[in-house]
Structures are given as structure tokens and as C-alpha cells.
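Topology and contacts: notes
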Amino acid sequence: MKFFADTADIADIRDLAEGGLLDGVTTNPSLIHKAGRNFLEVVAEICEIVDGPVSAEVVALDYATMMREAEVIRKIADNIAVKVPLTLDGLKTCKALSDDGTMVNVTLCFSANQALLAAKAGATFVSPFVGRHDDNGFDGMDLIEDIRTIYDNYDFGTEILVASVRHPIHVLQAAKIGADVMTAPPAVIRQLVKHPLTDKGIEGFLADWAKTGQSIC
Ligand code: E4P
């Protein structure tokens, strides 16, 4: 499963990239607001740090303006994935951009039928939001399972990008189902390494090592 960081924070992106934990980045207008930076500048900087796909979102709602915004966004770098909302105009934009060789991430997916439409429109990625789904009383992972089944039934090439990931269990469940990608805040990615027995083991080994009176270098 590929790991994307769901952030526009350059320090976090650099740190995760250096640790080899990053296959791409997703941003959205809220994350750009949080970063407090110019949209085009910060996205360009992210594209230089990360080789994999970097999603940057249009904010228009109609096809013509989405296409105009996409023209600006896709010129930022070769690894840009234009993010469009899961609406009829968004799907039309997805089709036009995909036919033209641009990666597209269709976002704000909350149903398997929506994901089916995204695949038919040629999306590179579809982003089902599991955390927000859970928040509203549904099981986000049921949605991922349904999309996996449908995409496998018809051999769709669209990658399932599990989004709105809130905790390590989401990552585990998505991996077991066979999602292609997950995007999570850097803090959640770092949480994946944590296990109390690992910490306890290190503590025990270091205590015994100290008793040997030796040093390695
Ligand atoms: C995905 O691309 C979105 O940016 C993101 O995962 C949304 O997550 P949230 O529900 O935590 O805002």
C-alpha cells in the first residue's frame, strides 16, 4: 500500500520523505489555509520534495472554471494530480484531464456508486473519506470493501486512495482490504511505529548493555 501524507506542512513532508515513508502528498483547501502559504508556491515546493503524486484541488464548481484552474495547477509540475470534487462537473473535468494525460484525484467520495462513476471517468485516484463517514454513523471500511469489490469485478485501474484517515486502525483495515493508497496526517503515520513492547524491549536491552560497561564507538 502506498503512503501519502495529508498535509501542506513542508517540515513534516521533508521529515517523512527522508525516512522513506512517503509515496505522495494530498492537500486540500483547508490544509492550504492551515499552512498559511500561497497555494501555488507551497504546492510547487511539495512537488520538488516528493517524486510521487501531489494532489492539489480546484475550488470552482462549474466545468469551464474547473478546467481553467486545472490548467494552472497542472503546469506546476509533472507529478501533480488535479483534485476535483465528486460532482457531475467534477467528473466531466476528470474525464477531460485524464484523456489529456493528467493525473486526477476525485475527492469527497462517500458511496460506492460515486466511486464507480469516478472510475468510469478515468480517475487516477478516488478518495473515499473514511473518517468523515464514520463520524456520520456509517462504517467507512464497508465503503472501502465495496469499492474494492466493484473495481476488481471490472478491472478498473483507478486506485483506491483511503482518505480522512484518523488513526492506525484505519490504516490496518485499509491495508487488509487491499486499498491501493492511504493518505493520513503525519502524526498518524508516525503513530504506526509505536508499540509499548518495542519501547519496553529497548529499555531492557539498554539497561543490560549499560551493565557491560562497553561502547560501540
Ligand atoms: C484527502 O485527500 C483529504 O485531504 C483528507 O483526507 C480529508 O481528511 P479530514 O476528514 O480529516 O479533513
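Scope of this entry: the structure provided in the associated data block. This one's a predicted model, so the numbers in the text were calculated from it and none came from an experiment. (Residues numbered from 1 in each chain as written. Predicted model: local features only at pLDDT ≥ 70, side-chain atom pairs only at ≥ 80, totals over all residues.)

Things to note about the sheet that holds strand 4 (residues 80–85)
A barrel is described by the order of its strands in space; here eight strands give the closed sequence 1-2-3-4-5-6-7-8, paired in parallel fashion. Sheet twist, expressed as the average angle between the axes of neighbouring strands with direction ignored, equals 30°. Both strand 2 (residues 24–26) and strand 3 (residues 54–57) contribute to a ladder of two bridges, which runs parallel. Bridge assignment links Val-25 to a residue of strand 3, and that residue is Val-54. (Pairing = 2+ DSSP bridges. Helix = DSSP H or I, 4+ residues; strand = E, 2+ residues; numbered from the N terminus. Axes fitted to C-alpha atoms, helices over the stretch in contact; angles between N-to-C directions.)

A word on the site of the ligand
Every residue lining the ligand is accounted for by Asp-6, Thr-26, Asn-28, Thr-107, Ser-127, Phe-129, Gly-131, Arg-132, Ala-163, Ser-164 and Thr-183. The residue inventory of the shell around the ligand, partitioned by class, reads two nonpolar, seven polar and two charged. (Near = placed C-beta within 6 Å. Nonpolar A, V, L, I, M, F, W, Y, C, P; charged D, E, K, R; others polar.)

With respect to the nonpolar core
Where a protein is soluble and globular, its nonpolar side chains tend to be buried together. Judged by nonpolar contacts, the single largest core of 55 residues is most densely connected at Val-82, Ala-118, Val-126 and Val-162. By residue number, the principal contributor to this core is helix 8 (residues 140–154), which donates five residues. If we skip the residues at most four places from it in the chain, Val-162 touches Pro-128, Val-130, Ile-144, Ala-174, Ala-179, Val-181 and Met-182. (Core = buried A, V, L, I, M, F, W, Y, C linked by C-beta atoms within 7 Å. Buried ≥ 20, exposed ≤ 12 C-beta atoms within 10 Å, placed from the backbone. Contact = placed C-beta atoms within 7 Å.)

Details of unusual backbone geometry
Trans is the prevailing form of peptide bonds, just as negative phi is the prevailing case for residues other than glycine. Residue Leu-108 is not a glycine yet carries a positive backbone phi of 65°. Note on placement: Leu-108 falls in strand 5 (residues 103–109). A residue is classified by how many C-beta atoms lie within 10 Å of it, and Leu-108, with 19 of them, is partly exposed. Even without a glycine there, the phi angle at Ser-164 is positive, about 55°. Classification of Ser-164 by C-beta neighbours within 10 Å gives buried; the count is 22.

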